[in-house]
Amino acid sequence: MSPVDSEFALDLPPPASRPKAGFARALLDWYDTSRRRLPWRAEPGEKPDPYRVWLSEIMLQQTTVATVMERFTRFVARFPTVTALAAAPLESVLAEWAGLGYYARARNLHACAREVAAKGGRFPDTAEALARLPGIGDYTAGAIAAIAFGRRAAAVDGNVERVMSRLHRFAEALPAARPKLRQLVEGLVPEDRPGDFAQGLMDLGSGICQPKTPNCRRCPVARFCDGAAAGDAALYPVKAAKAERPTRHGTAYVAVRARDGAVLLRRRPATGLLGGMMEVPGSLWAEGAAPAASPPCPATWTALNAPVEHTFTHFHLVLTVQVARVADFAAAGEWHHPAHIGDAGVPTVFMKVLRAAGVV
DNA sequence: AACACGTGGAC
DNA sequence: TGTCCAAGTGT
């Protein structure tokens, strides 16, 4: 079923699909003049560095180019090679990743580096072998194989799904349509310059074929595009309805050591939400009333007037913040001085708590 | 297949 | 202001 059936209620025949031969050539020609220069990209004629390609692809998963630009260079400076990354403690990698979100990416990144280092420090050069490594799924495997190793592999991300949906006026909703869209891409990947094709498709999706405002007049492949021909490219891709986000409640305890202003933090369990990251101690988070919790030590605890709110992918969180100045005590955790909390690996939700408490 | 898993920016 | 969105993966 087309999402725009109502517009065809006059029994107009569906617009004919436009031939796609020449799509790759046109995209590559456009890429040659319009490619973005990005820190992890090789310049024309340069040999791509598989480590940088891999790292950038992991960092870019569900994350904007603007955000990664700020972080990529710093990360590479701290961990210059896959061997160096493998040799580093997981905690230091998580600390460098703090604020980027989806922390399983950092745990898998580290595990992947250790596998690669254990096998000689070279990445496998096929999509099939890459996809067996932790944190590398179908998209990333294709992207690395094509970009770093020149393999004829499809790299199908959200950009590419959007471009393909519009190119074919593909009516089936995402994510169910994903396998079929991938097949359509695989039919277009050229033998020559598959890596530039992959990056060109992403640049096109990012700069021209944008989610809300496709700019078909400027598009180098508009002549192949069914959506552009019909003038309804913006209606694609069709997406399935999302589940609504529940609200959870909890309490966080900011214990400030009177002697020096240090704050008590502790490390979260290694897996699950914010796995392995540092946290402000507190209750569990649940829907309805905040679960009962006991403060990390007896003290005069004062609740902040306003709760801290934070929205995760699948729930909204309302956190009551309790603050107290406390004497030194033996606690299950670590004292961190405010000046160094930025290096400790504290995710954003807890940075918000510390800011609200006036600690940082 | 459906859900868990972060964050910041755009509109 | 709330919603959507960004180079997805793992279970």
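Residues numbered from 1 in each chain as written. Chains lettered and ligands numbered in written order. Predicted model: local features only at pLDDT ≥ 70, side-chain atom pairs only at ≥ 80, totals over all residues. Heavy atoms only, no water.

Caption draft 1: A look at the packing of helix α9 (residues 158-167) against helix α11 (residues 194-207). The N-to-C vectors of α9 and α11 enclose an angle of 80 degrees; their axes lie 8 Å apart at closest approach. Looking at the two axes, α9 sits roughly perpendicular to α11. Of the residues in α11, those in contact with N159, V160, R162 and V163 of α9 are L201, M202, L204, G205 and S206. Here the residues of the contact of α9 with α11 sort into five nonpolar, three polar and one charged. (Axes fitted to C-alpha atoms, helices over the stretch in contact; angles between N-to-C directions. Helix = DSSP H or I, 4+ residues; strand = E, 2+ residues; numbered from the N terminus. Parallel < 35°, antiparallel > 145°, perpendicular 65-115°, else oblique. Contact = heavy atoms within 4.5 Å. Nonpolar A, V, L, I, M, F, W, Y, C, P; charged D, E, K, R; others polar.)

Caption draft 2: Here's a closer look at the protein's contact with DNA strand B. With respect to spatial proximity, 18 residues lie near DNA strand B, and among them L274, H310, T313, H314 and T348 are the closest. When atoms of DNA strand B within 4 Å of the protein are sorted by moiety, sugar and phosphate together comprise 61%. Within the backbone of L274, one N or O atom sits 2.6 Å away from a phosphate oxygen of DNA strand B. Going through the elements one at a time, β6 (308-311) and α13 (348-356) are the ones with two or more residues in the surface near DNA strand B. Split by residue class, the surface near DNA strand B holds eight nonpolar, ten polar and no charged. (Near = heavy atom within 4 Å. Polar contact = N/O pair within 3.5 Å; in protein donor to acceptor, adjacent residues only side chain to side chain.)

Caption draft 3: Structural view of the pairing of strand β1 (residues 247-257). Across the eleven residues of β1, eight count as buried, placing the element largely inside the fold. The pairing of β1 with strand β7 (residues 316-326) spans eleven bridges and is classified as parallel. Bridge pairing links R248 to L317 in β7. In the sheet, β1 pairs with strand β4 (residues 286-287) via two bridges, with the strands oriented antiparallel. Looking at the pairing, H249 lines up with A286 of β4. (Buried < 20%, exposed > 50% of the residue type's maximum accessible area, 1.4 Å probe, protein only. Pairing = 2+ DSSP bridges.)

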